[in-house]
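# Breakdown of the fold
Given next are the chains, with one letter for each unit.
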Amino acid sequence: PDKIELSAIQLDLADGGRFEGSGSVVDEQLKLALTTKRFNPQGVHGTLRPMQLAGKIELKAQAASQQLVADLRDGRYRFKLDASRQGDQIELGDVAVQAGAGRLNAHGTLSLADPNRFTLAGKLADFNPAEFGAYPAAQLTASFSGEGQLAPQPRASVKFEIADSRFRRAPLSGQGSLSLSADRL
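Residues numbered from 1 in each chain as written. Predicted model: local features only at pLDDT ≥ 70, side-chain atom pairs only at ≥ 80, totals over all residues. Heavy atoms only, no water.

### Considerations on the sheet that holds strand β3 (residues 29-39)
In space, the twelve strands of this open sheet follow the order β1-β2-β3-β4-β5-β6-β7-β8-β9-β10-β11-β12, with antiparallel pairing throughout. Of all the strands in the sheet, the pair left with one neighbour each is β1 (3-12) and β12 (170-181). Across the sheet, the mean angle separating the axes of adjacent strands is 5 degrees when strand polarity is ignored. Bridging between β1 and strand β2 (residues 18-26) involves eight bridges; their strand directions are antiparallel. Pairing of E5 across the sheet is with S24, part of β2. (Pairing = 2+ DSSP bridges. Helix = DSSP H or I, 4+ residues; strand = E, 2+ residues; numbered from the N terminus. Axes fitted to C-alpha atoms, helices over the stretch in contact; angles between N-to-C directions.)

### A short note on the pairing of β12
Here strand β11 (residues 155-167) runs beside β12; their pairing, made up of eleven bridges, is antiparallel. Following the sheet pairing, S165 is matched in β12 by L172. The hairpin turn running from β11 into β12, its antiparallel successor, is two residues long, and R168 in that turn takes a positive phi close to 50 degrees.

### Examining the side chain of Q149
Note that Q149 resides in strand β10 (residues 138-149). In this structure Q149 comes out as buried when scored by relative accessible area, which is 6%. Polar side-chain contacts of Q149 include one of 2.9 Å to the backbone oxygen of A151. Apart from the residues within four sequence positions on either side, Q149 is in contact with P115, N116, R117, F118, P154 and R155. (Buried < 20%, exposed > 50% of the residue type's maximum accessible area, 1.4 Å probe, protein only. Polar contact = N/O pair within 3.5 Å; in protein donor to acceptor, adjacent residues only side chain to side chain. Contact = heavy atoms within 4.5 Å.)

### Some words on the packing of aromatic side chains
Scanning all chains against the criterion turns up four aromatic pairs. Where F127 meets F132, the ring centres are 5.4 Å apart and the plane angle is 20 degrees; that geometry is what we call stacked. Among the aromatic residues, those joined into a ring-pair cluster are Y77, F79, F127 and F132. (Phe/Tyr/Trp six-rings, centres within 6.5 Å; stacked < 30°, edge-to-face > 60°.)

### Some details on a nonpolar patch on the surface
Together, L178, L180 and L185 give the surface a local cluster of nonpolar side chains, amounting to about 280 Å² of exposed area. Counting through the fold element by element, L178 comes out in strand β12. (Patch = residues over 30% accessible without salt bridge, like charges linked within 9 Å, V, L, I, M, F, W, Y side chains within 5 Å. Areas by Shrake-Rupley, 256 points an atom, 1.4 Å probe, with all protein chains shown as cover. Salt bridge = Lys/Arg side-chain N within 4 Å of Asp/Glu carboxyl O.)

### Considering the pattern of salt bridges
Where charged atoms from two side chains of opposite charge approach closely, those side chains can pair. Under the definition given, this model contains seven salt bridges. Note that R18 is salt-bridged to E20, the shortest N-O span being 3.1 Å. Looking at E20, the relative accessible area reads 40%, which means it is partly exposed. Here R78 ties to D71 by a salt bridge, and the two come within 2.9 Å at their closest N and O atoms. The exposure class assigned to R78 is partly exposed, which follows from its relative accessible area of 24%. Sharing partners across several salt bridges, the network here consists of D71, R73 and R78.

### As for the nonpolar core
Core analysis: the largest hydrophobic core is formed by 16 residues, its most contacted members being L53, Y77, F127 and F132. Residue assignment for this core shows that the elements contributing at least two residues are β3, β7 (89-99), β9 (117-127) and β10. Considering each element in turn, this core owes the most residues, three residues, to β10. Setting aside residues no more than four positions away along its own chain, L53 makes contact with T36, K37, R38, F39, P41, L72, R73, D74, Y77 and F79. (Core = buried A, V, L, I, M, F, W, Y, C linked by side-chain atoms within 4.5 Å.)

### Some thoughts on the environment of P136
Examined against the element boundaries, P136 turns out to sit in the loop between β9 and β10. When the C-alpha atoms of P136 and P171 are compared, they prove to be 14 Å apart, with 35 residues separating the residues in sequence.

Structure, rendered in structure tokens:
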């Protein structure tokens, strides 16, 4: 079999930090393993809080399928992602964002074929967006789910339940459902 070794890969994101690693291409399948000791999301998007995330990102890719697995941490912060594409289907198998005791977990799917149907569901527990950057302070405990399509006109149905939460120091709770389209809410 044909094999290409990729050694000493360096991805420099300037103020965003640096990733290093290695990989290979064997029988038309790419495998990459990258690590970082100081990925700073603020260097990529200015409104985010400065961090020095350390961890790994692994990619496996061939023509019909790809998989991306990431696990990055900095003290009280943790970001995990397990996403894959098989044919026309993208699956977010596990998305986890954590800051101290606050966390967000989500999963979903997206079809790349028209009408680009999608699903997304998740939960927040004591989640504070201000932990991640210039966002309003909150303590959110909620669950949500949605489904819809992106083409020919975007539309979605969303259900949510918010319990025992605070937004800008004010109590917040409730539940509801929304139907959204390109021209109406």
